[in-house]
Structures are given as structure tokens and as C-alpha cells.
Amino acid sequence: MAEHDAVIVGSGINSLACAALLARAGWDVCVLERETERRGIAVFVRPELVVEIALDGVQASTRYPGGVALRFARVKRYRPDKSADEADTIDDLRALLPRRTSGPSEQPS
């Protein structure tokens, strides 16, 4: 994998604006677009690059098709040493969801 000053994942308007500003400042910028399909707010990508994500938590979400939302997610590093088959899956994220409780337990009288 080539070395760049910045790697932008995705080519939405904010990503392209960021890439343009960095390039104008003299940075060597690479924009990676891996999108293969869109369904509503879900974006499907080719599994080519493993990105390690740091996050503060996982919560259930009805907004996203996978049923989870990442709290304060950020790219930690790119993992050229890992293949897509070694990356975590949506099921791995779901396993991080806090267990639901059925409500306050009844106290015997």
C-alpha cells in the first residue's frame, strides 16, 4: 500500500471537501471509494481495506439496518496486515450491546 499524508475513506461531499483542503495545503491525499450499492442510509462497500475503529460504546438503534450505532466512532488506523475475512462483523458489534434487563426485580414480602 502506498504511503500518503492522509487517506479519506468515501467520497461524499464532506470527504471531498476535506481532501481538497488538505491537497491545497500540500498534503498527498488518497480518496478511497469502495461503494457498491446504497439502500436508504445503508452504504455497501467492497471488502478490501480493514480499518480499525475506536469507539466509546455501542447502542441499539432502530435507524440503522444493522440495529446498532457506534458512539463517538473514529478511525484509529488502517490495517494492511489484515484481510477482510479477519475483520469483525456486525454480529461482533451486536455482541457488545449492553444486556437488557426485564425491569426492577420484585422483592419478596
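In this report, we go over the structure that sits alongside the text. (Residues numbered from 1 in each chain as written. Predicted model: local features only at pLDDT ≥ 70, side-chain atom pairs only at ≥ 80, totals over all residues. Heavy atoms only, no water.)

**Looking at the environment of V58**
Considering the arrangement of structural elements, one finds V58 in strand 6 (residues 57–60). The buried category is assigned to V58, whose relative accessible area is 10%. Leave out the neighbours within four places in its chain, and V58 touches V68, A69, L70, R71, L93, L96, L97 and P98. (Helix = DSSP H or I, 4+ residues; strand = E, 2+ residues; numbered from the N terminus. Buried < 20%, exposed > 50% of the residue type's maximum accessible area, 1.4 Å probe, protein only. Contact = heavy atoms within 4.5 Å.)

**Side note on the pairing of strand 2 (residues 29–32)**
Alternating residues of strand 2 divide into C30 and L32, all buried, and V29 and V31, none buried. Note that strand 1 (residues 6–9) and strand 2 share four bridges and pair parallel. Among the inter-strand pairings, I8 is bridged to a residue of strand 2, identified as V31. Crossover strand 1 to strand 2 through helix 1 (residues 13–24) is right-handed. (Pairing = 2+ DSSP bridges. Right-handed = clockwise from strand over helix to strand, strands pointing away.)

**Focus: a nonpolar patch on the surface**
Taken together, I53, L70 and V75 make up a surface patch of nonpolar side chains, about 230 Å² in accessible area. Structurally, V75 is set in strand 8 (residues 74–78). Judged by relative accessible area, which is 47%, V75 ranks as partly exposed. (Patch = residues over 30% accessible without salt bridge, like charges linked within 9 Å, V, L, I, M, F, W, Y side chains within 5 Å. Areas by Shrake-Rupley, 256 points an atom, 1.4 Å probe, with all protein chains shown as cover. Salt bridge = Lys/Arg side-chain N within 4 Å of Asp/Glu carboxyl O.)

**Some words on the pattern of salt bridges**
Inspection of every chain in the model, using the stated rule, returns seven salt bridges. Residues E52 and K76 are paired through a salt bridge, measuring 3.7 Å at the closest nitrogen-oxygen approach. With E52 in strand 5 (residues 51–54) and K76 in strand 8, this residue pair connects regions lying 24 residues apart in the sequence. For K76, a relative accessible area of 57% puts it in the exposed group. D81 is the partner of R79 in a salt bridge, and the nearest nitrogen-oxygen pair spans 2.7 Å. Under the relative-accessibility criterion, R79 is labelled buried at 16%. Among the charged side chains, a network of salt bridges with common partners joins E52, K76, R77, R79 and D81.

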